Amino acid sequence: MIQDLTIVGSGPAGYTAAIYAGRAGFTPLLIEGLQPGGQLTTTTEVENFPGFPEGIDANELMEKMRIQAQRFGTTFVANSVEHTDLRTTPYHLWLDDGTEIITKSLIIATGASAKYLGLSDEKKYMGQGVSACATCDGFFYRRKTVAVVGGGDTACEEATYLAGLANKVYLIVRKPFLRASKIMQERVFNNEKIEILFNTNTEGLFGTNGLQGAHLISRKGESDERHFDITIDGFFLAIGHTPNSKVFLPWLKTDNEGYILTQGDSPVTNLPGVYAAGDIADPHYRQAIVAAASGAKAAIEAEKFLKQ
Ligand code: NDP
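Residues numbered from 1 in each chain as written. Predicted model: local features only at pLDDT ≥ 70, side-chain atom pairs only at ≥ 80, totals over all residues. Heavy atoms only, no water.

Asker: Can you help me understand the domain arrangement of the protein chain in this one?
Answerer: You'll often see interface size given as the accessible area lost when the parts meet. Here the protein chain is partitioned into domain 1 (2-113 + 241-307) and domain 2 (120-237). A separation of 32 Å is found between the C-alpha centroids of domain 1 and domain 2. (Domains from an automatic or database assignment.)

Asker: What's the story with the sheet that holds strand 14 (residues 200-206) in this structure? I'm lost.
Answerer: Pairing between the strands of a sheet comes from backbone hydrogen bonds, and it takes one of two forms, parallel or antiparallel. Pairing in this open sheet of 3 strands is antiparallel, and the strands run 14-15-16 from one edge to the other. With partners counted over all chains shown, the strands left at the sheet margins are strand 14 and strand 16 (226-231), one partner each. Strand-to-strand twist across the sheet, computed as the mean angle between neighbouring axes with direction ignored, equals 25°. Both strand 14 and strand 15 (residues 213-218) contribute to a ladder of 6 bridges, which runs antiparallel. In the sheet register, Asn 201 faces strand 15, and the bridge partner there is Ile 217. (Pairing = 2+ DSSP bridges. Helix = DSSP H or I, 4+ residues; strand = E, 2+ residues; numbered from the N terminus. Axes fitted to C-alpha atoms, helices over the stretch in contact; angles between N-to-C directions.)

Asker: Just checking my understanding: could you explain the pairing of strand 6 (residues 81-85) for this structure?
Answerer: Two faces belong to every sheet, and in a regular strand the side chains alternate between them. Note that strand 6 and strand 7 (residues 91-95) share 4 bridges and pair antiparallel. The residue bridging His 83 from the neighbouring strand is Trp 94, located in strand 7. Here strand 6 hands over to strand 7 after 5 residues, the two strands then running antiparallel side by side.

Structure follows, in structure tokens:
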């Protein structure tokens, strides 16, 4: 059977595309991937999504979007796309269980994943002190000492969250300033439990039974360069994301980092009937509301394409 529309990804972009496509009379197939609900499910409270003046639990928000997509006829598949052939229409996708999907149009909304520093010690202590998701793993560090790496909004948000659980949080920032928004910076500066280590990089991690500390270097290459260790139980990465575009790469135009290129601020890609929505095409804004809006645009474009 040939599908009219297949949506890959179950974050705000994917679910919103499904809601719009369903209401336009299509029965979209939505491939949810390994983390239904997307990146938002690794956070706690969402305070900036309009319509929820008191904020809303991130998992609850995503579950509501999923129910809304289901209400308008979306079929969900709990698998990931393993490889694709987008040479000609209809397009072919293969899932991790070997299922082949043939589709006339495609909305790619696979988002982005957390980056690591690339230290071999990160792998060594993965699940034993190293994490890229404070809200997933912070619970294990109650009344302990942790470090967060990064100086953006994610790092500040995670440091603030962890400070609510841990006794002490180091924020390791490679520049002499934070890149985060003012409100996030203020939360960090005003939190007594957070100590910011500016101009500091991580050289390695140590510990015999799980993570016990990090080897740091401050003012690298300067005359006052200093090597020192901190004692920590948890090491959290918050240094940005990599787009999940790998399985679509041979066919679609992307930037150097792998973010799918679209025409202007539309979700239109270089292939007819293929659209990119959400963080997969947005290295800049990366907000749930922006992703949702681009999902809506993608569905409207797909509807136009399918009706032609
Ligand atoms: P950003 O790209 O904004 O920040 C990444 C941070 O990690 C920077 O401080 C960067 O340093 C640092 N970094 C990158 N690579 C390394 C490295 N190898 N070693 C050490 N440090 C490194 O990513 P975020 O994930 O913080 O944010 C992404 C987007 O999402 C932003 O637009 C942000 O505003 C948004 N966001 C919004 C939130 C909200 O509004 N509630 C919450 C979270 C994110 P440097 O500055 O030196 O490059």
